[in-house]
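# A structural walkthrough
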Amino acid sequence: MLLCSIKIKRIFLIGLFCFSIICNFSISFFAYKKNYNGIKNIPYNTFGVVLGTSKYLPGGGINAYFKYRIDAASYLFYNKKIQYIIVSGDNRSKNYNEPKMMKKELIKKGISPNFIHEDFYGVNTIYSISRVYKIFHQKKFTIISQKFHNERAIFIGNCLGLDVIGFNAKSLSFDSKIQFREFLSRIKVFWDIFISR
């Protein structure tokens, strides 16, 4: 009986591991030809969507992921690859407002607030992507974040029937904590879209 129980647990763990690998590779595969590193070949879209993250690190200092996303969005804008920018992020409290922080930084870069729209309910990537269609009525747009995040966002967009591409903001060389969190987030995407949905 004990041996049977051990075998079942082993099979379950192997299955879970295989499922995790499939989730991660599938997302990267589907986004392969829709993710752009350079400005030259990326198609024009009216709207670019900056996915939210905190401006500051928990221990203090500027979050590089935030800075690089703002840089990428302004770069697209000034190269006329997008006309409007949606800043989508978490607004969990009076003192924490990702869209407001992103908008301020874009204005500092000389972009008029008339070209910036805020989405205060982009509490996660699925919400951010789906609300571009539901609230702003856009089925075709450019997602702006780091490559690993763009891949997941593009996959979500495809599953929702949207025509989305990604522009990859500069990333850090390697961040094990972020990579592990992304690994788990990709598993959760499959659960949210194909099971709980």
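Residues numbered from 1 in each chain as written. Predicted model: local features only at pLDDT ≥ 70, side-chain atom pairs only at ≥ 80, totals over all residues. Heavy atoms only, no water.

## Re the overall build of the protein
Helix and strand counts for the protein come out as 6 helices and 6 strands. Beginning at the N terminus, the succession of helices and strands in the protein can be written as α-β-β-α-β-α-β-α-β-α-β-α. Computed over C-alpha atoms, the radius of gyration of the protein comes to 18 Å, within 12% of the 16 Å expected from 2.2 N^0.38 for 197 residues, which places it in the range of a compact globule. For the protein, with 197 residues in total, the buried portion stands at 45%. The long-range share in the protein, meaning contacts at least 24 apart out of those at least 6 apart in sequence, stands at 72%. By element, 61% of the accessible surface of the protein is carried by carbon and sulfur atoms, the whole surface being about 11600 Å². Considering the protein, the positive charge centre built from 30 side chains and the negative charge centre built from 11 side chains are found 3 Å apart. (Helix = DSSP H or I, 4+ residues; strand = E, 2+ residues; numbered from the N terminus. Rg over C-alpha atoms; globule rule 2.2 N^0.38 Å. Buried < 20%, exposed > 50% of the residue type's maximum accessible area, 1.4 Å probe, protein only. Contact = heavy atoms within 4.5 Å. Areas by Shrake-Rupley, 256 points an atom, 1.4 Å probe, with all protein chains shown as cover. Lys, Arg positive; Asp, Glu negative; His and termini not counted. Charge placed at Lys NZ, Arg CZ, Asp CG, Glu CD.)

## Some details on the environment of Phe-136
Of note, Phe-136 is situated in the loop between helix H4 (125-134) and strand E5 (140-146). Residues Phe-136 and Ile-8 lie 128 residues apart in sequence; the distance between their C-alpha atoms is 48 Å. Sequence-distant contacts of Phe-136, defined by excluding residues within four places in its chain, comprise Ile-86, His-117, Glu-118, Asp-119 and Arg-131.

## Overview of the pairing of strand E6 (residues 163-169)
With 6 of 7 residues buried, E6 is to be regarded as a mostly interior element. The pairing of strand E1 (residues 35-36) with E6 spans 2 bridges and is parallel. Within E6, the residue paired with Asn-35 across the bridge is Gly-166. The pairing of E5 with E6 spans 7 bridges and is parallel. Within the sheet, the bridge partner assigned to Ile-143 lies in E6 and is Gly-166. You can see the chain leave E5, run along helix H5 (residues 147-159) and come back into E6, and the turn it takes is right-handed. (Pairing = 2+ DSSP bridges. Right-handed = clockwise from strand over helix to strand, strands pointing away.)

## Thoughts on a nonpolar patch on the surface
On the surface, Leu-13, Leu-16 and Phe-19 cluster together into a nonpolar patch covering about 270 Å² of accessible area. Mapped onto the elements of the fold, Phe-19 is located in helix H1 (residues 2-31). (Patch = residues over 30% accessible without salt bridge, like charges linked within 9 Å, V, L, I, M, F, W, Y side chains within 5 Å. Salt bridge = Lys/Arg side-chain N within 4 Å of Asp/Glu carboxyl O.)

## Some words on the layout of surface pockets
One way to see where empty space is left: roll a probe the size of a water molecule over the atoms. What the largest pocket holds in volume is close to 970 Å³. Gly-52, Thr-53, Arg-69, Ile-178 and Arg-181 are the residues nearest the centre of the largest pocket, which is lined by 37 residues in total. Secondary-structure elements contributing two or more residues to the lining of the largest pocket are helix H2 (64-78), H4, H5 and helix H6 (176-196). Among the elements that line the lining of the largest pocket, the one with the most residues is H6, at 8 residues. The residue makeup of the lining of the largest pocket, split by class, is 15 nonpolar, 11 polar and 11 charged. (1 Å grid on protein atoms, 1.4 Å probe; cavity = no way out; pocket = protein on both sides within 12 Å on 5 of 7 lines; lining within 4 Å. Points joined across faces, edges and corners; volume = space filled by probe spheres on them. Nonpolar A, V, L, I, M, F, W, Y, C, P; charged D, E, K, R; others polar.)

## Focus on the pattern of salt bridges
Two side chains of opposite charge can pair, provided their charged atoms sit close to one another. Enumeration according to the criterion identifies 10 salt bridges in this entry. A salt bridge links Glu-105 to Lys-108; its shortest N-O distance comes to 3.3 Å. In this pair, Glu-105 and Lys-108 both sit in helix H3 (residues 98-108), 3 residues apart, roughly one turn of the helix. Accessibility expressed as a relative area gives 16% for Glu-105, which makes it buried.

## Some words on the pairing of strand E2 (residues 47-51)
Extensive coverage of E2 is indicated by the burial of 5 of its 5 residues. Of the two faces of E2, the one holding Phe-47, Val-49 and Leu-51 and the one holding Gly-48 and Val-50 are both buried throughout. Strand direction decides the pairing type here: E2 and strand E3 (residues 84-88), joined by 5 bridges, are parallel. Across the sheet, residue Phe-47 finds its bridge partner in E3, namely Tyr-84.

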